[in-house]
Amino acid sequence: MATQTLSSVPNKRAAYLALAAAFLGWLFDGFEIGLFPVVARPALRDMLGDVPNLEGQVGQWMGIITAAFLVGAALGGAAFGWLGDRIGRVRAMSFSILCYSLFSGAGYFAQSPEHLAIFRFIAALGMGGEWALGVALVMEVWPEKHRPWLAGAIGAAANIGMVIVGVIALYVEVTEDSWRWMFLVGASPAILTFLIRLFVPESEKWQHAKEVSRTDASPLRQVLTHHVLLKRTLIGIVLSSVALIGTWASVQWIPLWVDSMGTGDATHKATAHMASSIGAVAGALFAPMLVGRFSRRWGYFTLCLLSLVVCSYLFRTQTDYTQHLVFTIFLTGMTTAAFYGFFPLYLPELFPTAVRATGQGLCYNAGRLIAAVGALTGGQLVAHYGGYAQMGAVITLIYVVGMIAIWFAPETKGKPLPE
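Model, not experiment: these values are computed from the prediction.

A.B. asks: For the packing of aromatic side chains, give the residues involved together with the corresponding values.
C.D. replies: This model, assessed by the stated rule, comprises 20 aromatic pairs. Pairing Trp179 with Phe183 gives two aromatic rings, centres 6.0 Å apart and planes at 85°, and the pair type is edge-to-face. Just as Trp179 is buried, Phe183 falls in that class too. By the ring-pair criterion, three or more aromatic residues cluster together here, those being Tyr300, Phe339, Tyr340, Phe342, Phe343, Tyr346, Tyr364 and Tyr399.

The structure is reproduced here in structure tokens:
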């Protein structure tokens, strides 16, 4: 079979529009994801007021709201992934972006931690769905040879959104009196939904699969009952869970950790967030290009090993805010976020077109559901140890599980996307 190149694709404009839509959608996802760690401490201190053990209460509510976000993302990934296999990638992606935009903006009106938990949960429904739909659309429209760098671009997009949060926080201090306006900025992606519906064409592979499909079985039922697809779904959930627990139950807490060091300089939190996010852009961008040249199994194993080593060094040796700490946070972001360039490359290779959005959405977002338990555990560990570093040192041992689990996953390097 001849190798397909972009020049041989009938509609290059459609390919670039699909990539732009997915990139921007995931960039704004990243902004929403990075928003809360920066806003959390001042917002929660403002709403909790004068309560005993305020820092412990902030840590517990951080865990609860993070868990609510992850549960919402898990449910949204499954629901919007199913919708994308039913009504098309583009239409479902428009609905998902509108969902997370509107309910992120609703955070402006929150009057209690419970309100924030509800708004973050509903916003996460859309964010969870957008990832699965954007990845499916891009991987189906572009030629196979471009998949590694496309995966890197999608993975990097979210982290660019997190960098934007850090830049804003660096120049405009987020305090107990000024945190609300950040949520209004989070509502801005709503306009993207109209542009996507106007200009982005539907995946021809999905349209063809829909026409020739001989079964009325639900895509979700297929991935949960077909013996081969079920096995791939389960291993995909485990692999995703490892990365997401490492991120959401520890790494995402780094801004709060730095903020609690008592340096008296509000820019240190923003600097730490930017260092982690810039590292994450690099890791997510280059990891799939490297993994694309080698074994998927060895690639994932190496990412787990590097994340384990760097996180252990960060949380077990660093105690004060220094330039060395900032550099180590950069390395932490780079290693732990490299997975988010790996998953857009690997997960689409596990499922055929008719169930691809459902399958990869279920894998990635069920991982978020499990990570929600990790986030709640993280909040309890902060309260137990009285500090964030001890919690991070315990939680990031999860990468050992990934180093074992990957050897039960199928090797897909060099194989075309399943039809």
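And the narrative resumes.
A.B. asks: Account for a nonpolar patch on the surface, naming residues and giving values.
C.D. replies: A surface patch of nonpolar side chains, about 550 Å² in accessible area, is lined by Ile191, Phe194, Leu195, Leu198 and Phe199. Within the secondary structure, Phe199 is located in helix H7 (residues 190-199).

A.B. asks: Please give an account of the confidence of the model for the protein that cites residues and values.
C.D. replies: Overall, the prediction assigns the protein a mean pLDDT of 84, with 95% of residues at 70 or greater. Taken element by element, the predicted model of the protein shows its lowest mean pLDDT in helix H8 (residues 204-212) (76) and its highest in helix H18 (residues 399-405) (96). In this model residues 1-10 is a low-confidence stretch, pLDDT under 50, and it forms 15 contacts with partners more than four residues away in sequence or in other chains.

A.B. asks: Now, about the pattern of salt bridges: what can you tell me, with residues and values included?
C.D. replies: Enumeration according to the criterion identifies seven salt bridges in this entry. The partner of Glu176 in a salt bridge is Arg45, and the shortest N-O contact between them spans 3.1 Å. Placement of Glu176 in the loop between helix H5 (147-171) and helix H6 (180-185) and of Arg45 in helix H1 (residues 12-48) is noted, with a sequence separation of 131 residues between them.

A.B. asks: Explain the packing of H1 against H7 to me, and be specific about the residues and the numbers.
C.D. replies: Where H1 meets H7, the closest approach of the two axes is 11 Å, and the angle between their N-to-C directions is 165°. Classified by the angle their axes make, H1 and H7 are roughly antiparallel. Along this stretch, H1 crosses H7, giving a crossing that reads as left-handed. On the side of H1, the interface is formed by Arg13, Leu17, Ala21, Leu24, Gly25 and Phe28, while H7 contributes Leu192, Ile196 and Phe199. Split into classes, the residues belonging to the contact of H1 with H7 amount to seven nonpolar, one polar and one charged.

A.B. asks: Before we move on, could you go through the nonpolar core and cite the residues and values that matter?
C.D. replies: Nonpolar side chains in soluble globular proteins tend to be buried together. Grouped together as the largest cluster of nonpolar side chains are 133 residues, with contacts concentrated most on Leu239, Ile254, Tyr300 and Phe343. If near-sequence neighbours (up to four positions away) are discounted, Phe343 is found in contact with Trp131, Leu239, Ser240, Ala243, Tyr300, Pro348 and Tyr364.

A.B. asks: Kindly report on helix H14 (residues 323-337), identifying the contributing residues and their values.
C.D. replies: Here H14 spans 21 Å end to end across 15 residues, near enough to the 21 Å set by a 1.5 Å rise per residue. Where H14 is concerned, the buried positions are Leu325, Val326, Thr328, Ile329, Thr332, Gly333, Thr335, Thr336 and Ala337.

A.B. asks: Could you give me a rundown of the packing of H5 against helix H15 (residues 339-346), with the residues and numbers involved?
C.D. replies: H15 packs onto H5 with a crossing angle of 135° between their chain directions and a minimal axis gap of 7 Å. If you check the angle between H5 and H15, you find them oblique. Classified by chirality, the crossing of H15 by H5 is right-handed. Residues Arg147, Pro148, Ala151, Gly152, Ile154 and Gly155 of H5 form the contact with H15, whose participating residues are Tyr340, Gly341, Pro344 and Leu345. Of the residues belonging to the contact of H5 with H15, the class tally is six nonpolar, three polar and one charged.

A.B. asks: Account for the environment of Phe183, naming residues and giving values.
C.D. replies: Checked against the element boundaries, Phe183 lands in helix H6. Each C-alpha atom, one on Phe183 and one on Tyr108, is 5.4 Å from the other, the two residues being 75 residues apart in sequence. Dropping the residues within four chain positions of it, Phe183 is found in contact with Leu35, Phe36, Val39, Ser104, Gly105, Gly107, Tyr108 and Leu116.

A.B. asks: So what about empty space enclosed by the protein? Which residues, and what values?
C.D. replies: Enumeration according to the criterion identifies two cavities of 30 Å³ or more in this entry. The space that makes up the largest cavity amounts to roughly 290 Å³. Along its surface, the largest cavity is lined by 25 residues, and Asn159, Met162, Thr247, Gln252 and Tyr340 are the ones closest to its centre. For the lining of the largest cavity, the elements supplying multiple residues, two or more each, are H1, H5, helix H10 (227-248), helix H11 (254-259), helix H12 (267-291), H14 and helix H16 (356-385). Among the elements that make up the lining of the largest cavity, the one with the highest residue count is H12 (five residues). Size it by volume and the second largest cavity reaches roughly 50 Å³. Lining of the second largest cavity is provided by Ile33, Phe36, Pro37, Met62, Ile65, Thr66, Phe69, Arg120, Trp248 and Gln252. Of all the secondary-structure elements, those providing two or more residues to the lining of the second largest cavity are H1 and helix H2 (54-87). Looking at which element gives the most residues to the lining of the second largest cavity, the answer is H2, with four residues.

A.B. asks: Pulling in residues and values, what's your account of the environment of Ala43?
C.D. replies: With respect to the helices and strands, the residue Ala43 is situated in helix H1. Along the primary structure Ala43 and Gln111 are separated by 68 residues, whereas in three dimensions their C-alpha atoms are 9.7 Å apart. If sequence neighbours within four positions are ignored, Ala43 has contacts with Leu116 and Trp179.

Definitions and cut-offs
- Residues numbered from 1 in each chain as written.
- Predicted model: local features only at pLDDT ≥ 70, side-chain atom pairs only at ≥ 80, totals over all residues.
- Heavy atoms only, no water.
- Phe/Tyr/Trp six-rings, centres within 6.5 Å; stacked < 30°, edge-to-face > 60°.
- Buried < 20%, exposed > 50% of the residue type's maximum accessible area, 1.4 Å probe, protein only.
- Patch = residues over 30% accessible without salt bridge, like charges linked within 9 Å, V, L, I, M, F, W, Y side chains within 5 Å.
- Areas by Shrake-Rupley, 256 points an atom, 1.4 Å probe, with all protein chains shown as cover.
- Salt bridge = Lys/Arg side-chain N within 4 Å of Asp/Glu carboxyl O.
- Helix = DSSP H or I, 4+ residues; strand = E, 2+ residues; numbered from the N terminus.
- pLDDT = per-residue confidence, 0-100.
- Contact = heavy atoms within 4.5 Å.
- Axes fitted to C-alpha atoms, helices over the stretch in contact; angles between N-to-C directions.
- Parallel < 35°, antiparallel > 145°, perpendicular 65-115°, else oblique.
- Left-handed = near helix turned anticlockwise from the far one by under 90°.
- Nonpolar A, V, L, I, M, F, W, Y, C, P; charged D, E, K, R; others polar.
- Core = buried A, V, L, I, M, F, W, Y, C linked by side-chain atoms within 4.5 Å.
- Expected span 1.5 Å × (residues − 1).
- 1 Å grid on protein atoms, 1.4 Å probe; cavity = no way out; pocket = protein on both sides within 12 Å on 5 of 7 lines; lining within 4 Å.
- Points joined across faces, edges and corners; volume = space filled by probe spheres on them.

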